[in-house]
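Chain by chain, the residues:
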Amino acid sequence: MIPPSSGLIWGLEMEILYQGVIQGVLIGSTYGLIALSMGLIYGVSGITNFAQGDLMVLCMFMTLTLSTLLNLDPYVSILITMPVIIAVTAVVYRYLIQPISSQQLMVIQLTLGLMFVIQNGILMVYGGNFQRVPSVLDGDVLVIGDFAVVQTSLLISFVATWGLAGVLFWTLGYTDFGRSVRAVHQNAKAAALVGVDVRRTQLIVVSLSAAILAVSASLLVAGRPIHPGEGLHYTVVALMPFVLGGMNNLLSILVSGIIIGVAETLGNVYLNGPLGFAVPYAVFIAILIFRPQGLFGSRS
Amino acid sequence: MLEIEGASAGYGDLDILRGVSLKIAKGEIVGLLGANNAGKSTLVNCISRIVPWRGGKCVFEGSDISRLHAHEVTERGISQVPEGRQLFPEMTVWENLALGAYTRKARLERSRKLEFVLDLFPRLSERRVQAAGTLSGGEQQMLAIGRALMSGPKLLILDEPSLGLSPKFVLTIFEALTAMHREGLTILLVEQNLNLTLQNVQRCYVLERGEIVISGRSEDMQDDPAVKRAYLGT
Amino acid sequence: MKFAKVTKAAITASTIVIVGAAIMALPGYYGGIATKTLIYIGLASAWNIVGGIGGQLSLGHSVFIGLGALLPAAMLLKLSVPWWIGVLCAAAMSGAIGAAISWITFRFRLGHLYFALVTLAIGELGRIIVIGTEFLGGASGLLVQYRPMSASGLQLSVANQNVLLALCFMALALATSYAILHSKLGYRLRALKGNENAAQAIGIDLFRSKATAMVISAVLSSLGGSVLARYDGFVDPEVVASPILIISIALFTVVGGAGRLWGPVLGVGLLFPLGEILRGNLANNLPGLHLVLFGVILVAVIRLMPSGITGWFASRFRSACRQIT
């Protein structure tokens, strides 16, 4: 026997589920974007920056400073944070990482060292409290259809992410520069032989990835508290889609980001307390166990 | 056109080239013969600056190119068809060719060069949108040569183009080389295949354990027993 | 030959006794730092078995340390189970998790980067699970008061018993590292580190060697976690179960010289006390400065002495020998 109100409860349940999925897709897109910045670097130089999350947190704190000093909105401050972070990253890459880039293990250790420097540098300047960066969109929500309520800032992240990804994919697919990037990825020696300056291409891609970080930082900073110690967390959040997407297939990395995002929001909807946050990690490890070649890869 | 004098190179403690000297004049087609591990690939990779020189001089059209970067050597007009073809496997035939004309100068003439290459190897135009990795061995070699020609080189270096190909494809490729030479292209052909090379080049060097042991006109070398001896390493 | 061995053992034993006595004699604050240094040397040596000798940069060892720290404390506090039973339970569980991690990562065989990435995610998962598990103290951690041990009438103060435990743990970790370096397993691991395919071609079982190293290292790390928790009294999950802990331990080892017996000893011995003293003096004015310095030192060492301090000295020594002869 079905109690009379079960239809209503069922409807409510479904609404919560939809709401969670939509939220997850929106936030996951930005996770995918951070992962994309890892995938780009890995694609042309075979290395991964374990301080990627910390660089993004650095951008977030720059938006904080710009907001308190100049009253700039985080979306506007991209114009300043982006060139700064590109310069920092390019210098670090060119002088610290590129000379040892053939030794993966050393690069990992070095970027972990950079993680300590950046994270604690921020801590020294800003102190260990959570802070907020005000934005014009604070508290703004949009209603999609007749049930889904989403924060406007999340929707902007989603649109910006896919817009940026679209431009990136088009550039990689149909321009000389894009072809040179793929050439370095597929066969660096042959790329040099046809006249591609491999080191310069790597440097440009690293700068591009830093630019993406600056955008992700501004997209994420709206409506969430920031803390100097969060860099490693973001690195891990990004490395999951990065690994699931096969480390260099950019579209699968973005889609994997959505999977991680949905796992996170659904985990928080259906599990109480901090254990909800464990869901994306559990999903990540489960996928690795059952599909070792990555989500979209085929066994080679 | 290209002048190498007393060149040496190696990896780590290992010396691979010891005092190699070699000259190629404009419009020549020159062969570089040698057994496996004689140092042939190292020599051409040094010229292309994929591998660093340890000593000696490498002069191209009057200027020293031994300290340039690999991409700058290509810009100067030396194009290499590497051993094992080294295509971009996940890109289409067209994209591989487009990348061949990557240097700024070559980009301006891309469509004209493309026409030329597709004329030379009509098979490639049938396969334009196919991924390079899915081509047959012979087609891949054509693509590798086509890609090298796209940059409009003054000197074309081919590293073992006949390796692993069926006789039919070898013939096609050598016919194409002869045709290009007739049009005025300078060619350095690195080969293991003795008779085939001697039939197709004007002059020839034999490399053995990192040193040039014999050099001369190919007609003279054809009957020289010393060549065969050096070549077989006996 | 036999005589040499006996002398070696005697020297080692007396060194340990002297170090122990010296630390017990130190004033409280510095004695505490010295005790912790011993524990960290042990933890670094345990990590070194996988990360240095095995050449696999594991960033998930915080799971074992966290388990070793929290489980015995929780069992003692909430179930009144004797401490050492909890320690053994945690060690056994860590061994099992270590084997599982080996299995998961072995399936891809995609090299250093992949291993580091996946173990880092596992470490972060461990941290979140600990924080979400009420039994293990949740986010607020556990506070345990340990009673002084007494054996056959011999009474030891809590501080001194911690020194003793730390010494024993460090000695165990170093002895295990020494044994592995001089055993067939060590030889296999080195061969695998050099060239996996070649090593497999001569018949080395890749998975078994790596999993064995991982399990040994996991059990040791867990024991170290237990000793650390006992020393601290209060166990903070954000410290003992955070990947940051194992990343610092790994980087200490890298500075000292990964894969060498004395690498962890030197790396931790130099950097840890320095960091603690800096932190103690600067915490109010410049929190984090000691870690910035640590990061800078690490970057400098990697670029200037790629095989760590011990490796650098070893190669200097070798080239000096070559010049003399």
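Residues numbered from 1 in each chain as written. Chains lettered and ligands numbered in written order. Predicted model: local features only at pLDDT ≥ 70, side-chain atom pairs only at ≥ 80, totals over all residues. Heavy atoms only, no water.

### What about the overall build of chain C?
What counts here: Counting from the N terminus, the helices are DSSP H or I runs at least four residues long and the strands are E runs at least two residues long. The globule rule used for comparison is 2.2 Å times the number of residues to the exponent 0.38, while the radius of gyration itself is calculated over C-alpha atoms. For the exposure calls, accessible area comes from a 1.4 Å probe over protein chains only, and a residue counts as buried if that area is under 20% of its type's maximum, exposed if over 50%, partly exposed in between. In this analysis, two residues are considered to be in contact whenever any of their non-hydrogen atoms come within 4.5 Å of each other. Positive charges come from Lys and Arg, negative ones from Asp and Glu, while His and the chain ends are left out of the count. Working definition for charges: the position is that of NZ of Lys, CZ of Arg, CG of Asp or CD of Glu.
Looking only at helices and strands, chain C features 14 helices and four strands. Taking 2.2 N^0.38 as the reference for a compact globule, 325 residues should give roughly 20 Å; the C-alpha atoms of chain C span a radius of gyration of 20 Å, in line with that estimate. Principal-axis analysis of the C-alpha atoms places the extent of chain C at approximately 55 × 50 × 45 Å. Counting the 325 residues in chain C, one finds 52% classified as buried. Considering only contacts within chain C whose residues lie at least 6 apart along the sequence, 78% involve residues at least 24 apart. Separation of charge centres in chain C, based on 22 positive and 8 negative side chains, amounts to 18 Å.

### A word on helix α4 (residues 83-106) of chain C
Along an α-helix, residues three or four apart share an orientation, since each turn contains 3.6 residues. Filter applied, for reference: In this scheme, a helix's expected span is set at 1.5 Å multiplied by one less than its residue total.
End to end, α4(C) covers 34 Å across 24 residues, agreeing with the expected 34 Å (1.5 Å per residue, within 8%). Here α4(C) has its buried residues at W83(C), G86(C), V87(C), A90(C), A91(C), S94(C), G95(C), G98(C), I101(C), S102(C), I104(C) and T105(C). Buried positions along α4(C) lie against α11 (279-290) of chain A together with α3 (62-79), α5 (111-132), α6 (158-181) and α9 (206-232) of chain C.

### Notes on the environment of K154(B)
Residue and element names in this part refer to chain B. Selection criterion: Distance and chemistry together define a polar contact, namely a pair of N or O atoms within 3.5 Å, with one atom able to donate a hydrogen and the other to accept it when in protein, and with adjacent residues in sequence counting only for side-chain atoms on both sides.
You can see K154 is positioned in the loop between α7 (137-150) and β7 (155-159). You can call K154 partly exposed: its relative accessible area is 33%. Along the sequence, K154 and S79 sit 75 residues apart, while their C-alpha atoms lie 7.9 Å from each other. Sequence-distant contacts of K154, that is, excluding residues within four places in its chain, are made with M1, F60, E61, R76, G77, L185 and T186. Of note is the side chain of K154, whose polar atom sits 3.0 Å from the side chain of E61.

### Quick look at the sheet that holds strand β4 (residues 55-60) of chain B
In a beta sheet, neighbouring strands are held together by backbone hydrogen bonds and run either parallel or antiparallel to one another. All names here are of chain B. What counts here: For two strands to be treated as a pair, DSSP must find no fewer than two bridges joining them.
The antiparallel open sheet is built from four strands, whose spatial order is β2-β1-β4-β5. Every other strand in the sheet has two partners, leaving β2 (14-24) and β5 (63-64) as the edge strands with one partner each. Looking at chain direction, strand β1 (residues 2-11) and β2 are connected through seven bridges and run antiparallel. Its bridge partner lying in β2, Y11 is registered against L14.

### Considerations on the interface of chain A and chain C
To be explicit about the condition: Buried area is a sum: the accessible area each of two parts loses on coming together, probed at 1.4 Å, counted once for each and added. Residues were grouped as follows: Ala, Val, Leu, Ile, Met, Phe, Trp, Tyr, Cys and Pro as nonpolar; Asp, Glu, Lys and Arg as charged; and all remaining residues, including Gly, as polar.
Contacts between the two partners involve 44 residues from chain A, matched on the other side by 42 residues from chain C. The contact between chain A and chain C buries some 3900 Å² in all, and 83% of this surface belongs to carbon and sulfur atoms. If you list the elements that add at least two residues to the side of chain A that touches chain C, you get α3 (74-97), α4 (104-126), α9 (231-244) and α11 of chain A. A total of 17 residues in the side of chain A that touches chain C trace back to one element, the largest contributor, which is α4(A). Tallied by class, residues from the side of chain A that touches chain C come to 35 nonpolar, nine polar and no charged.

### Section: the pairing of β4(B)
Successive side chains on a regular strand alternate, one facing one side of the sheet and the next facing the other. Residues and elements named next belong to chain B. Across five bridges, the pairing between β1 and β4 is antiparallel. Across the sheet, the residue bridging to E5 is K57, located in β4. One ladder, built from two bridges, connects β4 with β5; its direction is antiparallel. Counterpart to F60 in the pairing with β5 is S63.

### A word on the sheet that holds strand β3 (residues 29-34) of chain B
Residue and element names in this part refer to chain B. Put simply, the rule is: Note on definitions: angles span 0 to 180 degrees between N-to-C directions of axes, and those axes are lines fitted to C-alpha atoms, for helices only across the stretch in contact.
The sheet built from six strands is open, its strands ordered β6-β7-β8-β3-β9-β10 with mixed pairing. At either margin of the open sheet sits one strand with a lone partner, and together these are β6 (78-81) and β10 (211-217). For this sheet the average axis-to-axis angle between neighbouring strands, irrespective of direction, equals 15°. Two elements, β3 and strand β9 (residues 203-208), share five bridges in a ladder whose sense is parallel.

### Looking at the packing of aromatic side chains
Applicable threshold: The criterion for an aromatic pair is that two Phe, Tyr or Trp rings (for Trp, the six-membered ring) have centres within 6.5 Å, with stacked assigned to planes under 30 degrees apart, edge-to-face to planes over 60 apart and tilted to the rest. For a lysine, the NZ atom is tested; for an arginine, the CZ atom; a charge sits over a ring if that atom is within 6 Å of the ring centre and within 35 degrees of the ring normal.
Enumeration over the complete set of coordinates arrives at seven aromatic pairs over all chains. Centroid distance Y42(A) to F242(A): 5.8 Å. Interplanar angle 75°. Geometry classified as edge-to-face. Here the residue Y42(A) occupies a position in helix α1 (residues 6-45), and F242(A) occupies one in helix α9, the gap between them amounting to 200 residues. Summarising the aromatic geometry, the rings of F252(C) and F294(C) are spaced 5.0 Å apart at their centres and angled 40° between planes, so their arrangement reads as tilted. On the criterion of sequence distance, the pair formed by F252(C) in helix α11 (residues 243-256) and F294(C) in helix α13 (residues 289-304) is long-range, its members being 42 residues apart. The two residues F252(C) and F294(C) agree in class, both being buried. An aromatic cluster is built from F116(A), Y40(C), F252(C), F272(C) and F294(C), whose rings are joined through pairwise contacts. If you follow R94(A) out to its NZ or CZ, it ends over the ring of Y95(A), 5.2 Å from the centre. For R107(B), the ring lying beneath its charged end belongs to Y102(B), and the centroid distance is 4.7 Å.

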